[in-house]
Each structure stands twice: as structure tokens, then as C-alpha cells.
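# Understanding the architecture of this molecule
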Amino acid sequence: MSSILPIAFDGITYASWLFLISAGLTLIYGVMRILNVAHGSLYALGAYAACSLAGAWLGGGLPAAGSFAMLLLAALLVGSVAGPLIERGLLQWMYGKDEVVLVLITYALFLIMEDVIKLVWGVDSLLLPDPYALPGNFQLGGLTYPVYNVLLIALALATGLALAWALYRTRQGKLLLAVIHDRDMSMAMGINVSRVYLATFAVGATLAALGGAFTAPTIAVTPGIGVEVIVLAFAVVVIGGLGSLGGAALGALLVGLVRSATVRYWPEAELFSIYAVMAMVLIARPKGLFAAQEARKI
Amino acid sequence: MKAAIVAIAPLVALTGLALLSPQWLVFMAMLALAKGVVVLGLLVLMRTGLVSFGQGLYFGIGAYAAALLSHHLHVADAAVMLLAGAAAAGLIAALLGLLLARYRDIFFAMLSLAFSMILYGVLVKSAALGSTDGFNLHARTFFGVALASGVERRVFLIAGAVCAVVVALLVHRLLGGHWGRLATGVRDNELRVAYLGASPYRVVYVNYLIAGAMAGLGGALAALAVGHVDPEMTYWTTSGEFVFIAILGGTQSILAPFVAASIFEALRTIASQYAPNVWQMSLGLAMLAIIMFLPAGLWTLAERRRRSV
Amino acid sequence: MSAVLTAKGLQKSFGAVKAAVDINLTFDPGTVVSLIGANGAGKTTFLNMVTGYLRPDSGQILFGERDIVGLKPRQITKLGISRSFQIPQLFNSLSVRENLLVAESIAAMDDPQAAADETLTRFELAPYAAQKAGLLPEGIRKLLDVSMALSSRSKLLLLDEPTSGVSADEKFAIMDVVMGAARAAGVTVIFVEHDMDIVARFAGRVVAFYDGGIIADGSPDTVLRAENVRRYVIGEEIPHAAA
């Protein structure tokens, strides 16, 4: 019984991290019908940018608390520079292609970005331990937890709520939902789809980078960190239903909790359990938990 | 008949290669052959309009089946290993296919990816199978004939070439006739197939099974070539590589996967020597260029030239 | 002679919309029957229920003696009911001849090649044999769609608006070819049609649908003249007289 608390805490921490990344992935798919393999590279880019910015900040002897602002800045920078660059420079020429071909295109982009990251930052590991250590630990039920993880959970919650608010309460968000529900209709209604796509991709990229930036202090940032993340995020959004924000949240929570329980009781099955959950969800609900089933009319 | 003659040429060339070239080239040719078989299987599946991002599953199963025979059951015959690789992969494909044949488009791609990642997750944590390091295998006989040390790979290359040619001819026959047209029909319009009285599910299932068994054969060939298996063979990037080679070659010809796989392996060998840091980038750029300018694959280049002559 | 197809008390609704309200119909072998009605009146829903694409909420559909409710389209096609579509359902990347070869091979003809050639001739499609189906003009696509349906050697052929999307001057030519082929094959034909001239010319019997129910059933002469048919189906302005 005493293990429930740590399982829940670890699971929710992991889910928060997964949600940050998956929310961007599912948003981009929902609006643009692109399952973006390069999302993992944007995540990695966020982590590297965070190392550089926060590293420079701390190296300059500036107040350590400010390094958190640097993590945020890194994510915003990646989202507002790399995001539009990719969308305007490559993806905008590819709209209308088959979904599977679009996966291949972003897979090619992923391969390119992996090497670009290596060329810019080198192949050695980068470490950014300070932001993680800074807030210290707290005690609960006789166990010690890092405060940083609480911050991560709060960040994911805030991001999720902000996204939900932006989608359901603002005019732009409602336009986005209109595009998600019926692209042809929204075009006919005169919505500037090109601008919607650009904005969506930038926001999605920011979310991926946010996930990366806030993970950087907890890991050694090395080439290839995006490779595993992308399949994990795939699993989450497929479980939740492609294009559904609520689905991504639920999927992240499901995967997070299953993983932390497995890690505790049967550590060998960690990866296995995540994809087994994905397979089981898809078997029970072929299009994920929150996706509408559409019928073909003849 | 014409196809059989066309098939003899590469067989002779590969045999020549096997007997005369340096070891590294034999090794490279064998890997190209192994991947070509996997990709040809992928083409069979793609004929129904489905792309699997999880062929690494069957590639890995084939390789591990061969290696397990060698390592744990002390079977030392390469022919048995190849058969076992194809059979094991075919068996799993026959099971998973029951489920996967119901899925289409991106959901098919993602579910097949999930299954390959499940195997990866199992393999990296299985201490008995060497975890992330994998383990070695040795084949000492071929159809019961003992192999002198040093020539194994050359023999395997010829064996692999024979396997590939036989499989390619079978695929050629299969796709050239009613079944190929029916599979195209499933890709174009499943509703019409059903309303003509055939089952799209069955067509997809059978093609999935064939693709799985071929990936298993390819995996066993690769295992013999390398003499080692590890979980990387089932990782999603390996599956991505197969899709890449399929796109590179295009779906126009049964030779295309082998040509594309050879180009791929040659480029990889060169790149890992001279430009290890931009290898993936070159791959990515090449892939974008092909999707944009040669959507039917490199093979269209050869076709165009033939037509302009 | 016993009926080819019998519908007994078919009911079907989509939410609040009633698409079939107690449909009772009998079709005799060798007849040509037209289903008319405004859009949404339930004609296509009827075809979809007969071919297994939709399952009626209640009621029976007998093909000969056999109840086919619950069977899949594929199984029903095998029993001998085939159909064409309002939007032609073709294999766009295959040639016209290959489209027919797929159809004939599935129908398990001994010699699909010869059967395909015969169909090409009968439907006057031979000039297009090598063209990709995706590149054909609409009228030819319609013909190919019907020819594929008929080539599974069916006993009952259902045609969903065989002349929609086809220019007015082509309509009669297409129907002549289709009906000629159907007569030669000896099949019973049920076709949905909006063009009353086509109906009057080709149908031996007309069934008028309105709001999921049947409001008239009989010879073209009587049905097309009935006041409720003219009002609800043909859309004429009829001054309110004593009904």
C-alpha cells in the first residue's frame, strides 16, 4: 500500500513530461494531418538550446533562479524560429499529400535535424544539473521527492489549461477547432488555412521544445535523445486518439502510471508495458480513446 | 520465362562477387541482399496500400530465431537457420495479421510500429538473450556440408542470392497475376472489392503474412552475414530504414528493392568512413528529393532512359 | 413464379430521421423496376439494406427463400445480388480491362480474359480497354461501374442513379447499353432514377418513396400520374383540390 504514493508521483511526473510533448504532436496532427516524426528532434533542439542558454546564464554568474526563465526562453526560441522555418521552408509545399507520405517527409526531416544538432552542439553529452538541484527536495510519507518534479507537473497542468482555454474560449482557438472538424468547410468559410497551419506548427514546436528544455536538467543531453521520445509520444497520441488534446492528457496519464507501476514491480517490462498498453487500446478502440468513428457514405 | 532469364544475371554476378571480391564487399553485398528481401516483402504489402513502420519486428524475429537455434539448440546448419527465421516470422505474422489486417493508413503504420517496439522492449531487458548487446551465432554447415573457416560468408552470399532470386520470382509471379490486380484493387477501392464478392481483409492478411515471412528470411540472412544479433534490429529506426529503401527504389520492379538496398549499403559504408556526422542528413535530403522529384522511386530513372533510347 | 427479392416490414432510422418506415416490396424475376423519390426519401437506404451495407432495425429481406439480413456485402454479392453506385466505385490505377479482369476473376469465371473481353464489347467499352479508370470521362465511368457489377453473374442488379452526373444527351445511350446487357444476362433490375423520362422509357414498374415510406407502386403510367407523386417526387406545383 505504501508504494501507491511514489508510483502515483512518479507516474504523474512522467505523464506531465509526456503530455508536454504529445500535446504539440496531437495538435499538429489534428490541424495539419501530419504525424510529425521530427517532433522528437524539436524536443532535442529544445533540450540543447536550454543547455546553451541556461549554461551561458549560469556561467555568467547571474542569479541561478533565472535559469528557469532561460529554459522557457529556449523553448520559445525554438518554437518561434525552427517551427516557422520548417513549416514555411518545407512542409507548406507538402500539404495534400497522403498521410503516410507526410510521415516519411517528416522522417527525412528528423534524419536531417539529428545531424544538424550534432554539427552544432557536437557529440559529447551536455549537463545542466543546476535547475534540477536548485529547488531542493521535500518529504512525504517518509520518502524524498525532488521539488523540480512538482514544478514539471505544474508546468504541464498550466500548459494543458492554457491550451484548453485558447482552443475553447478564444476566437482563434475556435477557428482552429473548425479546421480540425471540417477542413473543406473552413476553407470555404474563408479561414486563412495557411496562417492557421503556420501558427499551429509554431505552437506545436514550442510545446516539444518546452518538453525538451525542462527535461535537459534531469538527463545528460546527448545525440539521439529525440529518437525514443518520438515513439513514446506516438504511443500517447495514438492511445488518446490522434488530434485530441484531452486524449493526449489521458494517454499520457495512462502511460505514465502504467510505466511507474511496472518499473516498481517488474522493471524488465518497462518499455514492453507502454507499447502493450498502446496495442491493447488500439485493439479495443481502433482509432484511440477519444476519436470519433466516421462512416463512409455511398 | 523472361523474368527467369533476368533473374539469372544477378545470380551469376553475385556468385562471381562471392568468389572473387574482398571480404568487406561480400559482407556488404550480403547485407544489401538481406535488406532487399525485407523491402521486397514490404512492396508486397504496399501493393494493398499499406506501409508498415514495424517490419523490424519480423527482421528481428528472423534473426533471433536463427541465432537461438545456433546458440541454444546447437543447430549449426545455415539452411535450417534461414528456414527457421522465415517460419518463425511467418508464424508471428499469421497471428498478428489477424488483428492488423483490420487497420488502415496511419493506424496500421502505428500499430505495426507498436508491436515492433514491444519486441524491442522485451529484447533489451532479456538478460538470457544478451539484453542490449545481443549475442553471436555460428553456422558451421550448409545443407549438412561442412564449411571451411574463412569461406562461410562467401557460401552464405551465394545461398542468399539463390534465396533472393527464388523469392523475387515467386513475388513476381504472385503480383503479376490476379492476386496483384486484386491487391491493387484493395488499395484503390476496398468497397468495390467487397461488392465484387471478395474479402479485402483476406488480401491484406495474406500479403501481410508474406511480408512478415520475407522480413524473417531477411533477418536470418542478416544474422548470418553479421554473425551477431541485437535488439537494434527491431528498433523503429531499422523499420524506418526499410521504408526508406522501398521509397528509394520505388514499387515498379522486383529488382528495385535490391538495387536500392545495394545503393543504400554502399553509401552507408562510404559515409561511415568519410562523413559519419552527415550520413543521416544525406539520407534525409535524398529522401526528400526522391519524394518531391521521383515519387515513383529511383527506378523511374532507368525506365525513362529506356524509353528515350 | 416466386419472387427474386422480398422485403417485409423494413424499418431503419438514423437518430430522429426515419429512413425506412415499414417497407414491404416484392420483385418478380426478369422485371425492371425503378425507385423514385426526392433526395433523402429512402431509395439508397433501401439498396444499402438489401446489399448488407446497412442493417435494418427490424424486418426481413428474402433473396429467393433465404433471409439475407445480417450478411456482409461480400456474402450477399456472392449469393447473386450486385450493385452499381451513384459515384462510380472503380480501381482508378488499373486499366478498364484490368478492372473487369478483377471482377471476372473474383466471380471465378473459367476464363476471365474471355469474359472480360465479352463484357468490354457488350458495354461498348472496348475503345477504352487500355485506359486507366481514373482518367475516364464520367459517362464511361458509370458504364464501367455497371459492367463490373453485372460481370459477377448476378441474378439481381441494383443500380443507384445510373445516369446521374452524365450529360442529358448521353443518358439514353447509356441506359440503352445497360438495359440491353441486363436483358441479355437475364437479370432482374432495380434502379434508382431522378430523370422521369428515363423512368418512363425503361421501367416496367415504378415504386415512389417519400419520407422513408412508399407512396405509390405500379405501372409507370399510373404512378407518374398520381397526384402525390407529382407533388412530392416530381415537385410539380399542384393547386390544392379536393384530395
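About the criteria used
- Residues numbered from 1 in each chain as written.
- Chains lettered and ligands numbered in written order.
- Predicted model: local features only at pLDDT ≥ 70, side-chain atom pairs only at ≥ 80, totals over all residues.
- Heavy atoms only, no water.
- Helix = DSSP H or I, 4+ residues; strand = E, 2+ residues; numbered from the N terminus.
- Rg over C-alpha atoms; globule rule 2.2 N^0.38 Å.
- Buried < 20%, exposed > 50% of the residue type's maximum accessible area, 1.4 Å probe, protein only.
- Contact = heavy atoms within 4.5 Å.
- Areas by Shrake-Rupley, 256 points an atom, 1.4 Å probe, with all protein chains shown as cover.
- Lys, Arg positive; Asp, Glu negative; His and termini not counted.
- Charge placed at Lys NZ, Arg CZ, Asp CG, Glu CD.
- Phe/Tyr/Trp six-rings, centres within 6.5 Å; stacked < 30°, edge-to-face > 60°.
- Lys NZ or Arg CZ within 6 Å of the ring centre and 35° of its normal.
- Core = buried A, V, L, I, M, F, W, Y, C linked by side-chain atoms within 4.5 Å.
- pLDDT = per-residue confidence, 0-100.
- Buried area = accessible area lost by both parts, 1.4 Å probe.
- Salt bridge = Lys/Arg side-chain N within 4 Å of Asp/Glu carboxyl O.
- Polar contact = N/O pair within 3.5 Å; in protein donor to acceptor, adjacent residues only side chain to side chain.
- Pairing = 2+ DSSP bridges.
- Axes fitted to C-alpha atoms, helices over the stretch in contact; angles between N-to-C directions.

## Some words on the overall build of chain A
On a plain count of helices and strands, chain A comes out with twelve helices and two strands. What you see in chain A, going N to C, is helices and strands ordered as α-α-α-α-α-β-β-α-α-α-α-α-α-α. Since a compact globule built from 298 residues should have a radius of gyration of about 19 Å, the 19 Å found for chain A is in line with a globular shape. Viewed in the frame of its principal axes, chain A has a C-alpha envelope of about 60 × 45 × 35 Å. When burial is assessed residue by residue, chain A has 55% of its 298 residues classed as buried. Across chain A, the fraction of contacts at a sequence separation of at least 24, relative to all contacts at a separation of at least 6, is 76%. Total accessible area on chain A stands at roughly 12500 Å², and carbon and sulfur atoms take up 67% of it. Side-chain charges in chain A split into 15 positive and 14 negative, and the spacing between the mean points of these groups amounts to 14 Å.

## Focus on the packing of aromatic side chains
Enumeration according to the criterion identifies 24 aromatic pairs over all chains in this entry. With a centroid separation of 6.0 Å and an interplanar angle of 85 degrees, the aromatic rings of Phe108 of chain B and Tyr208 of chain B are classed as edge-to-face. One end of the pair, Phe108 of chain B, is in helix H5 (residues 105-124); the other, Tyr208 of chain B, is in helix H9 (residues 200-226), and 100 residues separate them in sequence. For Phe108 of chain B, a relative accessible area of 0% corresponds to the buried category. The class for Tyr208 of chain B is buried, based on a relative accessible area of 2%. An aromatic cluster is defined as three or more aromatic residues linked by ring pairs; in this entry it consists of Phe9, Phe138 and Tyr145 of chain A. In this structure, Arg259 of chain A is placed above the aromatic ring of Tyr14 of chain A, and the distance from its NZ or CZ to the ring centre is 3.8 Å. Over the aromatic face of Tyr195 of chain B sits the side chain of Arg83 of chain C, whose NZ or CZ is 5.5 Å from the ring centroid.

## Overview of the nonpolar core
One finds Leu42 and Tyr275 of chain A, Trp236 of chain B together with Ile36 of chain C to be the most contacted residues of the largest nonpolar core, which totals 269 residues. The leading source of residues in this core is helix H2 (residues 23-46) of chain B, at 16 residues. If sequence neighbours within four positions are ignored, Leu42 of chain A has contacts with Asn36, Val78, Ala82, Ile86, Met113, Phe201, Ala205, Ala208 and Ala209 of chain A. Residues Leu5, Ala7, Phe63 and Ile76 of chain C belong to the second largest nonpolar core, which totals 28 residues.

## Topic: the side chain of Ser116 of chain B
Among the structural elements, Ser116 of chain B can be located in helix H5. Excluding its chain neighbours within four sequence positions, the residues that come into contact with Ser116 of chain B are Phe53, Gly54, Leu57, Thr234 and Ser239 of chain B.

## Comments concerning the confidence of the model for chain A
The predicted model of chain A averages 86 in pLDDT, with 97% of residues at 70 or higher. Within chain A, the lowest mean pLDDT, 73, falls on helix H8 (residues 183-188) of chain A, and the highest, 91, falls on helix H9 (residues 193-215) of chain A.

## With respect to the interface of chain B and chain A
Listed as interface residues are 41 residues of chain B and, on the opposing side, 45 residues of chain A. Approximately 3800 Å² of surface area, both sides summed, lies buried where chain B meets chain A, with 81% of it carried by carbon and sulfur atoms. Ranking the residues of chain B by area buried against chain A places Ile106, Phe107 and Trp236 of chain B at the top, with a combined share of 17%. In this structure, the connection of chain B to chain A is made through zero salt bridges. Taken together, the links from chain B to chain A amount to five residue pairs in polar contact (both at pLDDT 80 or more). Only H5, helix H8 (190-195), helix H10 (236-249) and helix H12 (279-293) of chain B provide two or more residues apiece to the side of chain B that touches chain A. At 14 residues, H5 of chain B tops the list of elements feeding residues into the side of chain B that touches chain A.

## Some thoughts on the sheet that holds strand S9 (residues 205-210) of chain C
Residue and element names in this part refer to chain C. Spatial ordering of the open sheet is given by S6-S7-S8-S3-S9-S10, a layout of six strands whose pairing is mixed. If you trace the sheet from one side to the other, it starts and ends with strand S6 (81-83) and strand S10 (213-218), each paired once. With direction set aside, neighbouring strand axes in the sheet form an average angle of 20 degrees. Of the pairings in the sheet, the one linking S9 to S10 comprises five bridges and is antiparallel in character.

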